[in-house]
Amino acid sequence: MVSGLLQATVLGATGSIGLSTLDVIARHPERYEVFALTAFSRIAELRILCRKHRPRYAVVPDGGNARELQSQLDSDGIRTRVLVGEGGLSEVAAHPEVDVVMAAIVGAAGLSPTLAAVQASKRVLLANKEALVMSGALFMQALRDSDAVLLPIDSEHNAIFQCLPGGYSKGLSRVGVRRILLTASGGPFRQMPLEQLAAVSPDQACAHPNWSMGRKISVDSASMMNKGLELIEACWLFDAQPDQVEVVIHPQSVIHSMVDYIDGSVLAQLGNPDMRTPIAHALAWPERIDSGVSALDLLQTGRLDFEAPDHLRFPCLRIARQAAQDGGTAPAMLNAANEVAVDAFLKGRIRFTEIAGIIEGVLNKEASVPTRCLADVLAADAQARRLASRWLHDHDR
Ligand code: NAD
Ligand code: MG
């Protein structure tokens with residue numbers, strides 16, 4: 001903290017969460033300075049972000065992109081140094097001068113830099129739920145072995161965190177928690193006739209009714225795999241058993257999740273569906289700062305509805321709950337198979353309704369084994385990707 005300002009690295013800066021994070025940071029130049037920004041494909045946008053935020057480092061996936069961006073930034077007169085690949089990501093996540101790391105890379109690719117930030121005892125703002133789903137036991141052990149502070153960005157987990165008392169990490173029952181109520185919007189297909197689901201397009205799946213997000217998480221929300229991943233995420237973050245986490249559909253997305261206590265109290269966190277609220281909360285915690293999000297108008301909202309999830313419509317929720325119960329490598333395989341299936345759906349190779357079958361097929365083929373080290377997790381991830389890709393290959397013939 002050389003300048004007295006908190007130094008922030010944003011992993012996945014060009015994404016939906018990355019841009020929302022930079023929006024909040026830019027509102028507080030008295031608190032934060034951007035230390036590093038990373039991008040995978042939108043390099044032209046990264047250049048614009050570097051011009052605006054003037055980070056010390058930028059990270060891109062390969063040498064060709066790096067040389068091009070470096071010469072552009074040099075000619076812009078910007079002194080950002082461009083680094084490359086996984087090594088570059090981990091360097092800016094763990095750099096001694098960094099205070100805060102926003103982990104907002106999508107998917108398994110975010111695991112190693114996020115772990116590097118934890119091991120380097122940073123304040124880690126965790127949006128990348130896939131990292132925790134894959135390697136929960138090892139990730140939480142790394143957290144205990146470090147002085148890192150992990151703050152959840154996923155709106156549901158941020159809400160639960162806000163509704164729990166200090167000391168919850170000693171066990172939910174010790175602080176009187178009966179259940180966690182994980183709310184879900186139900187996505188764009190909550191009410192679509194079941195027989196129409198097979199024909200939905202990627203753009204329809206990405207048109208979320210309440211949230212604006214990246215395409216992968218949007219498809220996950222439409223299949224409710226997102227809620228399944230979030231169930232696993234909640235178990236790790238709050239040391240809960242899968243049967244202590246109940247999923248409730250709440251179509252307005254105004255309540256972001258709830259905690260039910262043994263005395264009958266239910267605490268909820270409410271707000272407009274805008275990720276800048278959990279981002280600002282986690283950036284400033286335990287203080288509060290302006291996020292740019294407008295005040296919730298309950299009279300305008302009018303009503304708050306709740307319903308049980310329909311398991312016939314959303315088989316991914318059942319499959320994910322089973323993986324949570326099986327533990328070991330099952331969640332890593334679930335996540336990897338889902339990443340392959342969602343990518344294939346987004347590229348028009350499979351139907352929306354085939355996503356769940358691919359994932360279940362992979363999990364049925366490969367038994368879960370305990371995860372003793374990161375290599376076990378990465379092997380399970382690779383094996384699930386192989387099996388899912390083989391399924392796609394057979395399907396295409
Ligand atoms: P996005 O697709 O908009 O952005 C993803 C970012 O990751 C981009 O900056 C991209 O360049 C980078 N990236 C992609 N593949 C990469 C790779 N192989 N290596 C390095 N970088 C790579 O996604 P998003 O919606 O911002 O979501 C980011 C993460 O946050 C996801 O894990 C998602 O589940 C989680 N999340 C998002 C929201 C939301 O509202 N968008 C809410 C809760 C949690
Ligand atoms: Mg969420």
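Our subject is the structure that appears above.
Only a predicted model underlies this, so the values are computations on that prediction, with no experimental measurement involved.

Hey, could you run me through the coordination of the magnesium ion (ligand 2) in this one?
Ideal geometry at a metal gives 109.5 degrees between four tetrahedral donors and either 90 or 180 degrees between six octahedral ones. Around the magnesium ion (ligand 2), the protein contributes the donor atoms Asp 154 (OD), Glu 156 (OE) and Glu 230 (OE), which lie 2.1 to 2.2 Å from the metal centre. Here the donor residues of the magnesium ion (ligand 2) are spaced in sequence according to D-x1-E-x73-E. With Asp 154 in the loop between strand 7 (149-152) and helix 7 (155-163) and Glu 230 in helix 10 (residues 225-238), this pair connects stretches of sequence that are 76 residues apart.

How do you make sense of the pairing of strand 3 (residues 57-60) when you look at a structure like this?
Successive residues of a regular strand alternate their side chains across the two faces of the sheet. Of the two faces of strand 3, the one holding Tyr 57 and Val 59 and the one holding Ala 58 and Val 60 are both buried throughout. Sheet analysis places strand 2 (residues 32-38) next to strand 3, joined by three bridges and oriented parallel. What sits directly across from Leu 37, in strand 3, is Ala 58. Read from strand 2 through helix 2 (residues 43-53) to strand 3, the crossover connection turns out right-handed. Note that strand 3 and strand 4 (residues 81-84) share four bridges and pair parallel. Residue pairing in the sheet places Ala 58 in a bridge with Val 82 of strand 4.

Is there a simple way to explain the environment of Thr 21 in this structure?
Mapped onto the secondary structure, Thr 21 falls in helix 1 (residues 16-26). Here the alpha-carbon distance between Thr 21 and Ser 155, two residues 134 residues apart in the chain, equals 14 Å. Ignoring any residue separated from it by four or fewer positions in sequence, one finds Thr 21 in contact with Val 10, Met 102 and Ile 279.

What counts, and where the lines are drawn
Residues numbered from 1 in each chain as written. Chains lettered and ligands numbered in written order. Predicted model: local features only at pLDDT ≥ 70, side-chain atom pairs only at ≥ 80, totals over all residues. Heavy atoms only, no water. Donors = N, O, S within 2.8 Å, 3.2 Å for Na, K, Ca; no water. Helix = DSSP H or I, 4+ residues; strand = E, 2+ residues; numbered from the N terminus. Buried < 20%, exposed > 50% of the residue type's maximum accessible area, 1.4 Å probe, protein only. Pairing = 2+ DSSP bridges. Right-handed = clockwise from strand over helix to strand, strands pointing away. Contact = heavy atoms within 4.5 Å.

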